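# A look at the structure
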Amino acid sequence: MNILKALLKQLLGAKYERIAKSLIACLIAFFAIRTAEIKIEIAPSVLFLTAMVFSAGVMWQALNSSGNADRMIGLFMLPFENRKMILSIVLAFTGYTLITKTLLVLTLFFSVYEWSAVQIAVSLLCACNGCFIAAVWYTCRIQYAWHTKRALCAETKKRKRLTVAFLWCAALLLSIFLVPDIVFFALIMFTSLCLSVFHLLTRDAYGFYRPVSAKQLIRHKKGTGSIFLYLLRYLITNKNYLLNTAGLCLIATFLPLLLGKFEGLYVMPLGFAILCLNTPICILLSCDPDLEQAVRVLPGQAGRFCSRYCVFIFLVNMAVSSVYLISWQVQHGGVGGMEIIAALLIAMQSAVLSILLEWFHPIRNWKIESDLWHHPRKYIVPLVMLLIAVFIGMWPVSIWILFCIVFVECFSLSLIARRI
């Protein structure tokens, strides 16, 4: 219990104040949607799938965060019992995931449709199951071969565990859509949860131990090279950032199927605005306080870093927008110079606004990186870009107004980079 309390206080605050904040946010969202009388018919399978997959994703991000790695270094220096340590870690991160992240998503589902008590209970069971499965995946992925002769054997066992875990997850996902009886489905989820607990109790607690964080690795490698190389290495080292960008590219491939159905409306710029929601690359200063301190303290670094950081975000945005343009041309055709100019302007405007927001209003007092990725601030820039995209769709001449604004912003940023 001491280990569990210590972890919960680090994740939820010294007095567990994040629980109250999360519950207040859920109540506000619930009554606001109910008052607005917004009703959407949702299949139970969608609710169960969202609860399990979303919880598993947040749990995975929490366990992989660099702040968690620093926390585990101090925790594993103390004497502990293996099973108590495993249960404490899994229960603490599961509580953090369910209370601060999953509960708000489920509240949105509960507020737009009338669910039975059994369906609500099964959705919570699916959320817990997703958290424990993510912990199982995490312990299967990280293996430590303390002796070179055992390295090959450890790698073989690791592959077998990953294969079993993959088949396990595939069976659960199929059961969501193929099992019509909710009682039998709940029994499957409960059995999976019990198997996850049994598997975790047979593992070594050091499976949750990460000796070096990704940020520490990148600091050791960056040296005195280019800022672009630093940002590129940071992106490559943090695989979650690459996964988020790859996910946006996948969305960009299928987004024309959705937007192409609106015949008679010029909705193509909306896709560029939606694809600007690449949170991880827009919070590098917030997630690395040491880097922010160095940039703000050292003379001449603010302008140089921000200008290159802006270009870096612009290139990432354009890479995703290029996939969107190619997919639109293949499916619908009609991509011309005006669409390419709109993609360039929206990508650059999003980069500039992200830099200004990150420089003047960085996110503080966060516990783990998952708090950064799900912070409400991430929706500000995409919302502004959606409004701009709507104006471009309604009045194409407004694209030249945006061109003038972006030109002035880039020119001002280049002057600041030279003078600061």
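The following refers to the structure shown. In this text, all values refer to a predicted model and were calculated from it rather than measured experimentally. (Residues numbered from 1 in each chain as written. Predicted model: local features only at pLDDT ≥ 70, side-chain atom pairs only at ≥ 80, totals over all residues. Heavy atoms only, no water.)

Looking only at helices and strands, one finds 19 helices and zero strands in the protein chain. When contacts within the protein chain are restricted to residue pairs at least 6 apart in sequence, long-range pairs at least 24 apart make up 84% of them. Within the structure as shown, the protein chain displays about 21,800 Å² of accessible surface, and the carbon and sulfur contribution to it stands at 71%. (Helix = DSSP H or I, 4+ residues; strand = E, 2+ residues; numbered from the N terminus. Contact = heavy atoms within 4.5 Å. Areas by Shrake-Rupley, 256 points an atom, 1.4 Å probe, with all protein chains shown as cover.)

What follows concerns the layout of surface pockets. Of the pockets and cavities examined, the second largest pocket occupies roughly 810 Å³. Considering the residues around the second largest pocket, the lining is formed by 22 residues, among which R18, T100, K101, H374 and P376 are closest to the centre. Of all the elements in the fold, those that place two or more residues in the lining of the second largest pocket are helix 2 (17–36) and helix 5 (82–112). (1 Å grid on protein atoms, 1.4 Å probe; cavity = no way out; pocket = protein on both sides within 12 Å on 5 of 7 lines; lining within 4 Å. Points joined across faces, edges and corners; volume = space filled by probe spheres on them.)

Tracing the backbone shows F166 in helix 7 (residues 151–178). For F166, a relative accessible area of 52% gives the class exposed. Along the chain, F166 and W137 lie 29 residues apart, while their C-alpha atoms are 8.7 Å from each other. (Buried < 20%, exposed > 50% of the residue type's maximum accessible area, 1.4 Å probe, protein only.)

Turning our eyes to something else, we now look at a nonpolar patch on the surface. On the surface, I274, L383, L386, L387, V390, F391, M394 and W395 cluster together to form a nonpolar patch covering roughly 750 Å² of accessible area. With six residues, helix 18 (residues 380–394) is the largest single contributor of residues to the nonpolar patch. With respect to the element layout, L387 can be found in helix 18. (Patch = residues over 30% accessible without salt bridge, like charges linked within 9 Å, V, L, I, M, F, W, Y side chains within 5 Å. Salt bridge = Lys/Arg side-chain N within 4 Å of Asp/Glu carboxyl O.)

One can describe the packing of helix 2 onto helix 5 by two numbers: an axis separation of 9 Å at closest approach and a directional angle of 10°. The angle between the axes of helix 2 and helix 5 places the two elements in the roughly parallel class. In this structure, helix 2 contributes R18, I19, S22, L23, A25, C26, A29, F30, I33 and R34 to the contact, and helix 5 contributes Y96, I99, T100, K101, L103, L104, T107, L108, F110, S111 and V112. Looking at the contact of helix 2 with helix 5, its residues break down into 14 nonpolar, four polar and three charged. (Axes fitted to C-alpha atoms, helices over the stretch in contact; angles between N-to-C directions. Parallel < 35°, antiparallel > 145°, perpendicular 65-115°, else oblique. Nonpolar A, V, L, I, M, F, W, Y, C, P; charged D, E, K, R; others polar.)

Before going further, it helps to spend a moment on the pattern of salt bridges. Under the definition given, this model contains three salt bridges. One salt bridge connects E81 with K84, and the closest N-O pair in it is separated by 3.7 Å. Looking at E81, the relative accessible area reads 48%, which means it is partly exposed. Within this structure, R34, K39 and E114 form a network of salt bridges that share partners.

This paragraph deals with the nonpolar core. Counting residues in each nonpolar core, the largest one holds 59 residues, and the members touching the most others are F272, Y309 and Y324. Considering each element in turn, this core owes the most residues, 13 residues, to helix 15 (residues 301–331). Beyond its immediate stretch of four places on either side in the chain, F272 contacts S321, Y324, L325, E339, A342, A343 and I346. In terms of nonpolar packing, the next biggest core, distinct from the first, is built from 54 residues, L8, L12, F76 and A186 among them. (Core = buried A, V, L, I, M, F, W, Y, C linked by side-chain atoms within 4.5 Å.)

Let's shift gears to the environment of V323. Tracing the chain through its elements places V323 in helix 15. Sequence spacing of V323 and A252 is 71 residues, and the spatial spacing of their C-alpha atoms is 6.1 Å. Apart from residues lying up to four places away in sequence, V323 is in contact with C249, A252 and T253.

The subject of this paragraph is the packing of aromatic side chains. If you walk through the whole model with that rule in mind, you get six aromatic pairs. Ring centres of F48 and F185 lie 5.3 Å apart, and the angle between their planes is 20°; on these two criteria the pair is classed as stacked. One end of the pair, F48, is in helix 3 (residues 44–64); the other, F185, is in helix 8 (residues 182–201), with 137 residues separating them in the sequence. Side by side, F48 and F185 carry an identical accessibility label, which is buried. In textbook terms, an aromatic cluster arises when at least three aromatic residues are bridged by ring pairs, as seen for F272, Y324 and W328. (Phe/Tyr/Trp six-rings, centres within 6.5 Å; stacked < 30°, edge-to-face > 60°.)

In this section: the environment of V105. Along the chain, the position of V105 falls in helix 5. Setting aside chain neighbours within four positions, we find V105 in contact with T50 and F54.

This part is about helix 1 (residues 2–12). Along helix 1, the residues classified as buried are L4, L7, L8, L11 and L12. Down the axis of helix 1, the buried set is contained in an arc of 110°. They therefore lie on one face. Within two residues after helix 1, G13 carries a phi angle of roughly 100°, on the positive side. (Arc of directions from axis to C-beta.)

This part takes up empty space enclosed by the protein. Summed over the entire model, instances satisfying the criterion amount to one cavity of 30 Å³ or more. What the largest cavity holds in volume is close to 150 Å³. In terms of lining, the largest cavity is formed by 15 residues, of which the most central are C282, S354, K378, V381 and P382. Only helix 15, helix 16 (337–360) and helix 18 provide two or more residues apiece to the lining of the largest cavity. Tallying contributions element by element places helix 16 first for the lining of the largest cavity, with three residues. Looking at the lining of the largest cavity residue by residue, the class counts come to eight nonpolar, five polar and two charged.

This next bit is on the state of the cysteines. On inspection of all chains with the given rule, the structure shows zero disulfides. No disulfide involves C126; its sulfur sits 9.4 Å from that of C128, the nearest cysteine. (Disulfide = S-S within 2.5 Å.)

Let's shift gears to helix 18. Note that an α-helix has 3.6 residues per turn; residues three or four places apart therefore point the same way. End to end, helix 18 covers 22 Å across 15 residues, agreeing with the expected 21 Å (1.5 Å per residue, within 8%). All of the buried residues along helix 18 are V381, P382, M385, I388, A389 and I392. All buried residues of helix 18 fall inside an arc of 120° around its axis, so they share one side. Exposed side chains of helix 18 directed beyond 90 degrees from the buried face belong to L383 and M394. (Expected span 1.5 Å × (residues − 1).)

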